[in-house]
Amino acid sequence: MTRLELEGIEFAYADGPSVLAGASLAVGAGELVALAGANGSGKSTLLAIAAGLARPAAGRAAVDGRDVAHLAPRLRARTVALVPQGLRRWPEAGVRTFVAGGRYAHQRGLAGMTAEDEAAIDSALEQALVADLAEARLDRISGGQRQRVLVARALAQEAALLLVDEPTAALDPRHQLRVLEVLAGAAAAGAAVLFATHELHLAVQFAERLALIDGGAIVIDAATDTCLESGALEGVLGLTVGRWETTRGELAMPLPQREARPR
């Protein structure tokens, strides 16, 4: 039962201001948690620290009680999968080959791909809706398609902890919903899932918990419904909540404060 624990995380970039100042958050197996905050609030940095890619100046990032930065690379890849917002440089590779790279931690020596590996890759491509792009080159597909390929690669890792940074930012509405469904499915299957987002209308539909970061710390960490009712979105993000009755029940939607009532 994997559990991520971020305790009192402090971080500042060289010659820059403090980004994180005592941020604490825990995500357990089976949970889907949304991390929200303004631009520059430290969401991406916190995910990088959770993945062991950055070291905090103070505090601790642990998975099942072990410092994630101290895990051996192969063990860490089996434990933690990170979906970044994008890559600075995309490799000259085909989509399937790139997604297959997520299986390296499961492979033994020079044995090559097993039937289990191939099945995991096929499943990941299907879930992320990129199976039709399997033979395409990364440099010849759109930004939104590449984002879904990153999700597929992380799914192929079959890691117990899934960290996702702005997974829907470059996607059209249909694929936004699909990616959130995939993350919800991963949590339902037992993974601990933490995703950073500005798409609060999606977060409130899928995430069971909402963590709001402000001033370098997690200032709200509560069930999504509690956040919607408590006025937390107003206080931290300058938003209010509109509500609509739909054929599927009540829909809550964050709105700018000047649009406090749905029309």
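Shown above is the structure to which this text applies.
All values derive from a computational prediction rather than experimental measurement.

Trainee: So what exactly am I meant to see when it comes to the pairing of strand β4 (residues 58-63) here?
Mentor: Every other side chain in a regular strand lies on the same face of the sheet, so the side chains alternate between the two faces. Note that strand β1 (residues 3-12) and β4 share five bridges and pair antiparallel. Opposite Glu-7, over in β4, you have Arg-60 as the bridge partner. Two successive antiparallel strands, β4 and strand β5 (residues 66-67), enclose a turn made up of two residues, where Asp-64 displays a positive phi of approximately 55 degrees.

Trainee: Is there a simple way to think about the sheet that holds β1 in this case?
Mentor: Strands sit in the order β2-β1-β4-β5 across an open sheet of four strands; the sheet is antiparallel. Edge positions in the sheet fall to β2 (18-28) and β5, since each of these pairs with one other strand and no more. Sheet analysis places β1 next to β2, joined by eight bridges and oriented antiparallel. Following the sheet pairing, Phe-11 is matched in β2 by Leu-20. The sheet contacts of helix α1 (residues 43-50) involve β1, β2 and β4, and relative to β1 the element is tilted by about 125 degrees.

Trainee: Would you mind going over the packing of aromatic side chains with me for this structure?
Mentor: The description of an aromatic ring pair rests on the distance of the ring centres and on the angle between the ring planes. In the structure shown here, the tally under the stated rule is two aromatic pairs. On the basis of an interplanar angle of 80 degrees and a centroid distance of 4.7 Å, the ring pair of Phe-11 and Tyr-13 is categorised as edge-to-face. Classification of Phe-11 as buried rests on a relative accessible area of 12%. With a relative accessible area of 46%, Tyr-13 lands in the partly exposed category. Arranged with centres 6.1 Å apart and planes meeting at 55 degrees, the rings of Trp-90 and Phe-98 form a pair that is tilted. The exposure class of Phe-98 is buried, given its relative accessible area of 8%. The side chain of Arg-153 reaches across the aromatic face of Phe-98, ending 4.5 Å from its centre.

Trainee: Any chance you could explain the sheet that holds strand β6 (residues 80-83) here in plain terms?
Mentor: The strands that make up a sheet pair up through hydrogen bonds in the backbone, lying either parallel or antiparallel. Read from one edge of the open sheet, six strands run β6-β7-β8-β3-β9-β10, paired in mixed fashion. This sheet does not close on itself; its edge strands, each paired only once, are β6 and β10 (217-223). The average undirected angle you get between the axes of adjacent strands in this sheet is 15 degrees. Sheet topology note: the strand β9 (residues 209-214)/β10 ladder contains six bridges and is antiparallel. Opposite Ala-211, over in β10, you have Asp-221 as the bridge partner. Relative to strand β7 (residues 161-165), α1 is tilted by about 155 degrees, and along the sheet it contacts β3 (32-36), β6, β7, β8 (192-196), β9 and β10. In the packing of helix α5 (residues 143-157) onto the sheet, the strands contacted are β6 and β7, and the crossing angle to β6 comes to about 180 degrees.

Trainee: How should I be thinking about the side chain of Thr-224 in this particular structure?
Mentor: Relative to the assigned elements, Thr-224 resides in helix α8 (residues 224-230). The buried category is assigned to Thr-224, whose relative accessible area is 4%. There is a polar contact of 2.6 Å between the side chain of Thr-224 and the backbone oxygen of Ala-207.

Parameters and conventions
Once a new chain begins, its residue numbering starts again from 1 and follows that chain's sequence as written. Local features in a predicted model are, by the rule used here, given only for residues with pLDDT of at least 70; side-chain atom pairs are given and counted only at 80 or more, and totals for whole chains, interfaces and linings are based on all residues. For the side-chain quantities, the full set of heavy atoms in the structure was used; hydrogens and water were omitted. DSSP calls a pair of strands paired once it identifies at least 2 bridges connecting them. The secondary structure listing takes helices from DSSP runs of H or I that are at least 4 residues long and strands from runs of E that are at least 2 residues long, numbered from the N terminus. We call two residues contacting when some pair of their heavy atoms lies within 4.5 Å. Orientation is described by axes fitted as lines to C-alpha atoms, over the contacting stretch for helices, and by angles from 0 to 180 degrees between their N-to-C directions. Stacked, tilted and edge-to-face are the three classes applied to pairs of Phe, Tyr and Trp rings, where Trp contributes its six-membered ring and a pair requires centres within 6.5 Å; stacked means planes under 30 degrees apart, edge-to-face means over 60, and tilted covers the rest. Relative accessibility thresholds used throughout: buried, under 20% of the residue-type maximum; exposed, over 50%; partly exposed, between the two (1.4 Å probe, protein chains only). Note on criteria: charge over ring means Lys NZ or Arg CZ within 6 Å of the ring centre, with the direction from the centre no more than 35 degrees off the ring normal. Side-chain atoms alone can form a polar contact between residues adjacent in sequence; in general such a contact is a pair of N or O atoms within 3.5 Å, and within protein one must be able to donate a hydrogen while the other accepts it.

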